[in-house]
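Residue-level structure breakdown
Letter by letter, the chains look like this.
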Amino acid sequence: MADCWTAQAATQPPYIVAELSGNHNHSLERALALVAAAAEAGVDAIKLQTYTAETITLDVDREDFVVRSPGSVWDGRRLHSLYAEASLPWGWHEPLARRARELGLDWFSSPFDATAVDFLMSLGVPAFKIASPEIVDHDLVRRCAATGKPLILSTGMATLEEIAEAVHVARTAECTALMLLKCTTDYPASPVDANVRTIGDLGARFGCAAGFSDHTPGIGAAVAAVALGARLIEKHLTLARADGGPDAHFSLEPLEMAALVTECRAAHAALGDVHYGPLERERGYLRGRRSLYFAADVPAGTVLTEHHVRSVRPGFGLAPKHLAAVLGRRLRSAVARGTPVHWELLDE
């Protein structure tokens, strides 16, 4: 996983993360099935979220603690109730991490308070991610950074100043492996709001790796992000959107996740290098180019006109750019229709 943060990572395929979030629907069996589905889809890692309703909000009946997002499936939900439904029991972290390792996947998590950081450290978590709403919680950023683990900061809603502050906090706490993720905090987010061109600016402006936490439907935004330099792609995974759950409506199903993996890696491979001229695999197709051929049986001594010579495929004759120089010349010896034109057949 450390390769994501190195300069050499830019030459490697993007690191793809399946976010399990609240799609476990309160079933450890389903959560384990999500890990298996992620592995089958070909991702590199799974990500968990480590909180309880009590550590992320307050259980109070006040308007401040009610989701107000018209059109959202969460609209009108009390925060405490929503987080109680979505939270992953802490006792499930170890078996999910173990299953991930057994299937060749990395795992890491987003902690939402100090107790979650300490708990994840006790499990040997290899990295931390700060969720977009928590980027302004400098104590949490500092605590994660001070562990010495690689740190990912998601930047949804954050101003440039807020990102700079969080980066400064992380680096002051001796964070040496930092990544920033472009993110749009909307569920689902529209592709027109993804603004993935920001990814390159994030990396250049802050001198670190950059990636994309994607809440859009489908895979198009993620593929575009890879083309623009994203080293990590994070996408939510569910077994089936029809099964419901707090995050199911903006999550990919397993076959869609597999397509995301395939197309993101293809997009990275397609970037290649700046190159001109035929590739080795193209050389055999050079014969398919146009060139000059005799289009009729022509007797010796004939002064050549457009009736006699044409630019056609294949490419064994003179290049078509020489047509004007060929026309008006006298033929040295008779030729049959279909003979490629060469200078030795013509008088000076």
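See the structure shown above.
One structure accompanies this document, and this report is about it. Since we're looking at a predicted model, the values are computed, not measured.

Conventions adopted
- Residues numbered from 1 in each chain as written.
- Predicted model: local features only at pLDDT ≥ 70, side-chain atom pairs only at ≥ 80, totals over all residues.
- Heavy atoms only, no water.
- Buried < 20%, exposed > 50% of the residue type's maximum accessible area, 1.4 Å probe, protein only.
- Helix = DSSP H or I, 4+ residues; strand = E, 2+ residues; numbered from the N terminus.
- Pairing = 2+ DSSP bridges.
- Right-handed = clockwise from strand over helix to strand, strands pointing away.
- Axes fitted to C-alpha atoms, helices over the stretch in contact; angles between N-to-C directions.
- Parallel < 35°, antiparallel > 145°, perpendicular 65-115°, else oblique.
- Left-handed = near helix turned anticlockwise from the far one by under 90°.
- Contact = heavy atoms within 4.5 Å.
- Nonpolar A, V, L, I, M, F, W, Y, C, P; charged D, E, K, R; others polar.
- Phe/Tyr/Trp six-rings, centres within 6.5 Å; stacked < 30°, edge-to-face > 60°.
- Lys, Arg positive; Asp, Glu negative; His and termini not counted.
- Salt bridge = Lys/Arg side-chain N within 4 Å of Asp/Glu carboxyl O.
- Arc of directions from axis to C-beta.
- Core = buried A, V, L, I, M, F, W, Y, C linked by side-chain atoms within 4.5 Å.

Another aspect to go through is the pairing of strand β6 (residues 178–183). Across the six residues of β6, six count as buried, placing the element largely inside the fold. The alternating pattern of β6 places L178, L180 and K182 on one face and M179, L181 and C183 on the opposite face, and all of these are buried. With four bridges connecting them, strand β5 (residues 151–154) and β6 associate as parallel partners. Each residue of the ladder has a partner; that of S154, found in β6, is L181. Between β6 and its parallel partner strand β7 (residues 209–214), the chain crosses via helix α8 (residues 198–206), and the hand of that crossover is right-handed.

Attention now goes to the packing of helix α7 (residues 160–172) against α8. Relative to each other, α7 and α8 sit at 45°, their axes nearing to 12 Å. The pairing of α7 with α8 is recorded here as oblique in orientation. When the axes of α7 and α8 are compared, the crossing they make is right-handed. Contacts from L160, I163, A164, V167 and R171 of α7 reach α8 at L202, R205 and F206. Each residue belonging to the contact of α7 with α8 can be placed in one class, and the counts come to six nonpolar, no polar and two charged.

In this fold, L79 is placed in helix α3 (residues 79–86). Exposure remark for L79: the relative accessible area of 18% places this residue in the buried category. Sequence-distant contacts of L79, that is, excluding residues within four places in its chain, are made with T57, D64, F65 and V67.

Attention now goes to the packing of helix α5 (residues 114–122) against helix α6 (residues 138–145). Closest axis-to-axis distance for the α5/α6 pair is 10 Å, and the angle between their directions is 15°. Classified by the angle between their axes, α5 and α6 sit roughly parallel to one another. Crossing geometry of α5 relative to α6 is assigned as right-handed. Residues A114, V117 and D118 of α5 touch α6, and the partners they reach there are L140, R143 and C144. Tallied by class, residues from the contact of α5 with α6 come to four nonpolar, no polar and two charged.

Summed over all chains, the structure comprises four aromatic pairs. Relative to F112, the ring of Y51 has its centre 5.1 Å away and its plane inclined at 75°; by these criteria the two rings are edge-to-face. Of this pair, Y51 sits in the loop between β2 (45–50) and α2 (53–56) while F112 sits in the loop between β3 (106–111) and α5; the two residues are 61 residues apart in sequence, bridging distant segments of the chain. With respect to burial, Y51 and F112 carry one shared label: buried. Note on Y187 and F250: the rings are 5.1 Å apart at their centroids and 55° apart in plane angle, and the pair reads as tilted. Of this pair, Y187 sits in the loop between β6 and α8 while F250 sits in the loop between β8 (232–236) and α10 (254–271); the two residues are 63 residues apart in sequence, bridging distant segments of the chain. Through successive ring pairs, a cluster of aromatic residues spans Y51, Y83 and F112.

Checked against the element boundaries, D247 lands in the loop between β8 and α10. Although D247 is buried, it forms no salt bridge, and the closest oppositely charged side chain is K47 at an N-O distance of 9.2 Å. Not counting chain neighbours up to four residues away, the residues in contact with D247 comprise S21, G22, N23, W74 and H236.

Along α6, the residues classified as buried are L140, V141, C144 and A145. Each buried residue of α6 lies within a common arc of 130° when the element is viewed along its axis, so the set occupies one face. Looking at the buried residues of α6, the elements they touch are β3, α5, β4 (128–130), β5 and α7.

Judged by nonpolar contacts, the single largest core of 75 residues is most densely connected at I46, L151, L153, F212 and I233. Ranked by residue count, the leading element in this core is helix α1 (residues 28–41), at seven residues. When near neighbours in sequence (up to four residues on either side) are disregarded, L153 contacts I130, I135, V141, A166, V167, L178, M179, L180 and L181. L292, V326, L345 and L346 belong to the second largest nonpolar core, which has 12 residues in total.

What follows covers the pairing of strand β1 (residues 15–19). Most of β1 is tucked away, with five of its five residues classed as buried. Of the two faces of β1, the one holding Y15, V17 and E19 and the one holding I16 and A18 are both buried throughout. Relative to β2, β1 is paired through three bridges, and the arrangement is parallel. By the bridge assignment for β2, V17 is matched with A45.

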